[in-house]
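The chain contents come next:
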Amino acid sequence: MSTSPFISRSAPLAYAGKGNRYDECVDAAGRLRGPWSDFFEHLGPDPAAKLRTATDACHRAILEQDVSMNVYLGDQSGAQPWPLDAVPLLISPEEWKQITRGLRQRAHLLNEILVDLYGPQKLLREGHLPAKLAMANPHFLRACAGLGKPDSVFLHSYAVDLARSPDGKWWVIEDRLDAPSGLGYTLQNRIITRQALPDIFHRAPVQRLYQFFHGYRASLEALAAHPESANITLLSPGPANETYFEQAYLSRYLGYTLAEGEDLITRDGQVFLRTVGGLKRTDVLVRRVDSDFCDPLELAPHSLLGVPGLVQAAQGGQVALANQLGGRALETPALLAFLQPLCRHILGEELLLPSAGTWWGGQEGPLNHILENLHDLVVKPVFRGPTSAPPRYGARMGKAARAELADEIRAQPSAWCGQERVLHGTTPGWHEGHLRPMPFITRFFLAWKDGDYMVMPGGLTRCNPKGEDMIVSLQQGSISKDTWVLDEESVASTPSLPPARINEALRHPAATPSSMADNFFWLGRYLERCSQIVRKLEKMSPLIRDEIATLDPGVSADALRFVLFAQDFTVPATATLEQQAALLRQIAGDRTKASSLASNLESLGGLLDRVKVRMPPEAWQILRQMRRRPAVLDGAACSALQQQLTAFEGLTAEGMPRDTTWRFLDLGRRIERGTQLLSLLAGLLHPYDGGAPTEFRLQTVLHLADCLSTYRSVFHGSLNTEAALDWLFHSPENPRGLHFQIEHINTHLALLPEELAPQSVATLRSLASRMLSDVRLAKLEELASDAVKANAMFMELRAGLTGMSDRLTQIYFSHAVAS
Amino acid sequence: MITYCITHETTYQHAGQATAAWQMLQLQPRNESAQECLDFQLQISPPAQDLVARTDYFGNTRHFFSIREAHRELSIISRSTVRRGNEASPLPGITGPLDAARPQIARLIGGRGQFELEQYLHATPLVPLLPGTAALADGLDAATMPLLDWIGALGKRFSEIFVFDPKATTISTPLARALELKRGVCQDFTHLFLSCVRQHGLPAAYVSGYLLTNPPPGRPRLRGADAMHAWVSVFVPEVGWVDYDPTNTCFTGDGHLVVARGRDYADLSPTRGVFSGGGTHRLKIGVTVEPEHEIKPLTG
């Protein structure tokens, strides 16, 4: 069906701009602009249906892949699904040429200023940069003076937010020079949007992103002294950071180790990653921790996010940082007032990309301008800090409030900037079933390569669905969208992807970061512990039903006491079974009790957050379900939990590569299972009164150890203590028995690297093999008949497992033993 | 010219085993027109690895090292030999009044070369610019009194208002609290003085160093009894930087040995460390300053 020329010139879905703002899609007369006319044509005859479907597809993908950002909202802080609008921003090829020229010029200029600020300081000495902007700047890090070297790059990765002004020009809103975020989200947005609008994406000649990432990787390698063998690490502030998701995502996409400060140490002027095989040199750090927090020795003293000695290592030049430390010093709006003359002075060119007109109160003329035009300006503090005032919009203030602000400015003029208010341009976004014009800003990314900056052909666009507010912030309800830079001709439909590289850690067990191993080990332990408690809770109700409890009341009471005790809780001897059972449910759901099921589930969730990138996506969905459990753990909640935990165990068994991290997970699981079993045996097998275990008691023990049905399938005839012990203790065939756990522990230990502490590893291995022979040689008839001897042995083996866990920690996780 | 031998001993005692440590030291006395650091030795136990030095933004020497073996105690002993002459005492008469100094300073900063002065005019983490500290100079003659006299007069006020009391404050006591208590140690006196004069438009720096203290007559000098000292350095246009000791109400003399200069204590804390493990620690510090001629050769 062909459309008439008249219809193709106006926007579908009753879309219209906002009059006083520049709109990407329609001009002032309401006619469609070029790229959008193609876009709508490709959407087909029912664009609303198409966009609805695409929106649903986006939401589904976000949930499936668990794309999230952490939002700071007081009590409601936490990971929120990433907000993504299916309608992309379109940028025409001609316009893109202009933008890239301006962006590259700006990156060069800012890099030169940073190199000078942290180097020779000629700009300050010659008065091109006012002294106050550096000398009174809390983000000018004096410890980093000397890092600006004229022959090297300071600003490797540069991000900048642009918006459209009403006259259709792109304007700079803000420069990000320290540890810019957004690359990972941009990539994720692209992948999801492309899948949500597959035919449209392929028909529009959209420039691909992979070449940029390919170059980005090469450019990071080039920072190292020996690019061909460069070890590159992404330094992250950790899971609590608002953009942790994309840091993890990016590290996986680029194939770099994701590390936190505690994973790295400095030594001999170099930076090393602590791995289970020892220290592994890092040549390049992709830094996502703000400079101020990077080194507790020389920068913010109590930061736990940094690496002690990092500044000195950077000074020595044996580690390259992308970005070099200290860039935030130039993230001040006051700089914008000086950028045009600085550009002329440094590059001998006119500044191509304008920023909003900015006046700095530290100079008399501009100060007067600010004071006279308060009603029309946005007033911002020059240096942002945790306690600094938010921007204030003169137009929205009453007369009295403006007078107060004027007094504040007069008291310390150099601390304030006035900035022209630019009405952000709008672009179409799908919101609540309508296509609406939304004010937007776009973050563009550049990276230093071979003496120049390359620009990523795309960006992270954020827009405000309410359409009015001047603030575009994802922390405050804005939504993101993909940015399509269109090519002049159609793009090759099969991009040549960079060659796949295997993650080194898989083939070299020693390359696993210690903290990763630590997290997986405890993930194994908590997974097992939670699962054990849940299973026991489930089995409790039948046990205390009257008819059973009266069979052998001692057993039910002991079992209840044991399960309570496993959560570090003792009950008064006078409590009835019913009271104890009620208490048990209450304790299990109580997060404030350190050893309760709820607390253990919290710990499990926390660990899962940390290892998310290494788990199959189903793991996150299970985790989400687990977190939605009710506060009171009734029967239904318990069986739901048990199913979730079982699904999880299945994932770890079949959904993970058998690398070193998996080995640590399984070690944790085996040690925990052995420990729990031994506790059960010591606590329940032999009655306190010294008599022989009754058949009901043996049955209960087997039942709580999850071995009753397997026992019955293997042993015939009546229950007896020796046979039960054989199955629980001796039999290599029982996957829930002790022998099985210790055997697997031995296998894992033999395969773990030993470089870190050869002697200690050897000792650990011989300890494990001695335990195995102890279990094999244990005299069952003695354990069955002599409660004292039996319990002593159970406790000794249990202590052995605890010791093993401690030794593993010392050797592999905290590197506390040296031989 | 007098030559001094300084021994500065710092000991960290941990509750548990520390498995590793990283340290930054600012203990090496500066070379300046009035003093020369003839020798500087560091003795670290357990033995330090990778000891290196770097000159910082203010021209101080920073030492860095790490400890790789498990330890419960870390001991750092620095021994410095410093020759110090007494700079000619500044003559107050040649300096103009404060009111004249302010525009001069602005010109020096705005013109070529002396932009660094700017950093000594602002609040720093440990030196907030409080109205209460600015008020300490209220009523002093800024229009006619020579600036050096003005500084001395302010110092005299300090001696009347503030009491030296090592028990009143700690390293983490906020300045506002010290102002309220009217008590403190040299660090508090120095920060209060800085906060005051910066608000009156004078660039002022923090100086850390050693002070020769004299034992009571007839008594021997006690070893390790001293601590590090601190005082201010004020920029006076006609003269340059002039050091003043507000704790002792005097311009500094040949007994004041400069270790480091910066904006506040945080710029030049003598030892800064990060430990792996070890739990809580106790810090013990002992300083001995002796004129070389007092050190008698051992006799058999």
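Residues numbered from 1 in each chain as written. Chains lettered and ligands numbered in written order. Predicted model: local features only at pLDDT ≥ 70, side-chain atom pairs only at ≥ 80, totals over all residues.

Just checking my understanding: could you explain the overall build of chain A for this structure?
Looking only at helices and strands, chain A features 30 helices and 21 strands. By its C-alpha atoms, chain A is 95 × 65 × 60 Å across when sized along the principal axes. Out of the 819 residues in chain A, the part that is buried amounts to 46%. Taking all contacts inside chain A whose residues are at least 6 apart in sequence as the whole, residues at least 24 apart take part in 70%. (Helix = DSSP H or I, 4+ residues; strand = E, 2+ residues; numbered from the N terminus. Buried ≥ 20, exposed ≤ 12 C-beta atoms within 10 Å, placed from the backbone. Contact = placed C-beta atoms within 7 Å.)

Even after reading the chapter, I still don't get the overall build of chain B, so can you show me in this structure?
Scanning chain B from terminus to terminus reveals five helices and 14 strands. Whereas a compact globule of 300 residues would reach a radius of gyration of roughly 19 Å, chain B reaches 20 Å, a difference of no more than 12%. Along the first, second and third principal axes, the C-alpha set of chain B runs to 60 × 45 × 40 Å. Contacts in chain B between residues far apart in sequence, at least 24 positions, make up 76% of those at least 6 positions apart. (Rg over C-alpha atoms; globule rule 2.2 N^0.38 Å.)

What is the right way to look at the interface of chain A and chain B in this model?
Many authors give the size of an interface as the accessible area that is lost as the parts come together. Across the boundary between the two partners, chain A contributes 24 residues, which contact 19 residues of chain B. Counting residues per element, the side of chain A that touches chain B draws most heavily on helix 6 (residues 131-135) of chain A, which supplies three residues. When the residues that make up the side of chain A that touches chain B are grouped by side-chain class, the tally is ten nonpolar, seven polar and seven charged. (Nonpolar A, V, L, I, M, F, W, Y, C, P; charged D, E, K, R; others polar.)

Is there a simple way to explain unusual backbone geometry in this structure?
Glycine aside, residues mostly have negative phi angles, and peptide bonds mostly take the trans form. The omega torsion across Ala322 of chain A and Asn323 of chain A is 5 degrees, close enough to zero to call that bond cis. Mapped onto the fold, Asn323 of chain A is located in the loop between strand 12 (320-322) and helix 12 (339-347). With an omega dihedral of 0 degrees, the bond running from Ser45 of chain B to Pro46 of chain B counts as a cis peptide bond. Turning to its location among the elements, Pro46 of chain B is positioned in the loop between strand 2 (35-45) and strand 3 (49-55). Located in the positive-phi region is Asp268 of chain A, a residue other than glycine, with phi close to 50 degrees. With respect to the helices and strands, Asp268 of chain A occurs in the loop between strand 8 (264-267) and strand 9 (270-275).

Before we go on, may I ask you to explain the packing of helix 18 (residues 553-566) of chain A against helix 19 (residues 577-588) of chain A in this structure?
For any two helices packed against each other, the geometry is given by the interaxial angle and the distance between the axes. Residues and elements named next belong to chain A. Their axes nearest at 10 Å, the elements helix 18 and helix 19 cross at an angle of 20 degrees. The orientation of helix 18 with respect to helix 19, classified from their angle, is roughly parallel. Pair helix 18 / helix 19 crosses with left-handed handedness. On the side of helix 18, the interface is formed by Ser556, Ala557, Leu560, Val563 and Leu564, while helix 19 contributes Leu577, Gln580, Ala581, Leu583, Leu584 and Ile587. Here the residues of the contact of helix 18 with helix 19 sort into nine nonpolar, two polar and no charged. (Axes fitted to C-alpha atoms, helices over the stretch in contact; angles between N-to-C directions. Parallel < 35°, antiparallel > 145°, perpendicular 65-115°, else oblique. Left-handed = near helix turned anticlockwise from the far one by under 90°.)

How should the sheet that holds strand 11 (residues 284-287) of chain A be read in this particular structure?
Sheet strands pair via backbone hydrogen bonds, and the direction of the pair is either parallel or antiparallel. All names here are of chain A. Judged by pairing direction, the sheet is parallel, and its four strands sit side by side in the order 7-6-11-12 without closing on themselves. Whereas interior strands pair on both sides, the edge strands pair on one side only; in this sheet they are strand 7 (257-259) and strand 12. Direction aside, the axes of adjacent strands within the sheet are offset by 30 degrees on average. Of the strand pairs in this sheet, strand 6 (residues 232-235) and strand 7 are connected by three bridges, and their pairing is parallel. Considered in strand 7, the bridge of Leu235 is made with Ala259. On the sheet, helix 10 (residues 244-254) packs against strand 6 and strand 7 and is oriented at approximately 150 degrees with respect to strand 7. (Pairing = 2+ DSSP bridges.)

Please clarify how the environment of Ala517 of chain A should be interpreted in this entry.
Residue and element names in this part refer to chain A. Among the secondary structure elements, Ala517 is positioned in helix 16 (residues 514-544). As a C-alpha pair, Ala517 and Val611 span 94 residues in sequence and 9.8 Å in three-dimensional space. Contact partners of Ala517, with chain neighbours within four places excluded, come to Val276, Thr512, Thr660, Thr661, Phe664, Tyr812 and Phe813.

Even after reading the chapter, I still don't get the pairing of strand 8 (residues 204-211) of chain B, so can you show me in this structure?
On a regular strand, one side chain projects to one face of the sheet and the next to the other, so that they alternate. Residue and element names in this part refer to chain B. With eight of eight residues buried, strand 8 lies mostly within the body of the structure. Where burial is concerned, the two faces of strand 8 agree: the one with Ala204, Tyr206, Ser208 and Tyr210 and the one with Ala205, Val207, Gly209 and Leu211 are both buried. Summarising the sheet, strand 8 and strand 9 (residues 229-236) pair through six bridges and their orientation is antiparallel. Of the residues in strand 9, the one forming a bridge with Ala205 is Ser233. Where strand 8 meets strand 12 (residues 256-262), six bridges bridge the pair, whose relative direction is antiparallel. When the sheet's bridge partners are listed, Val207 is paired in strand 12 with Arg261.

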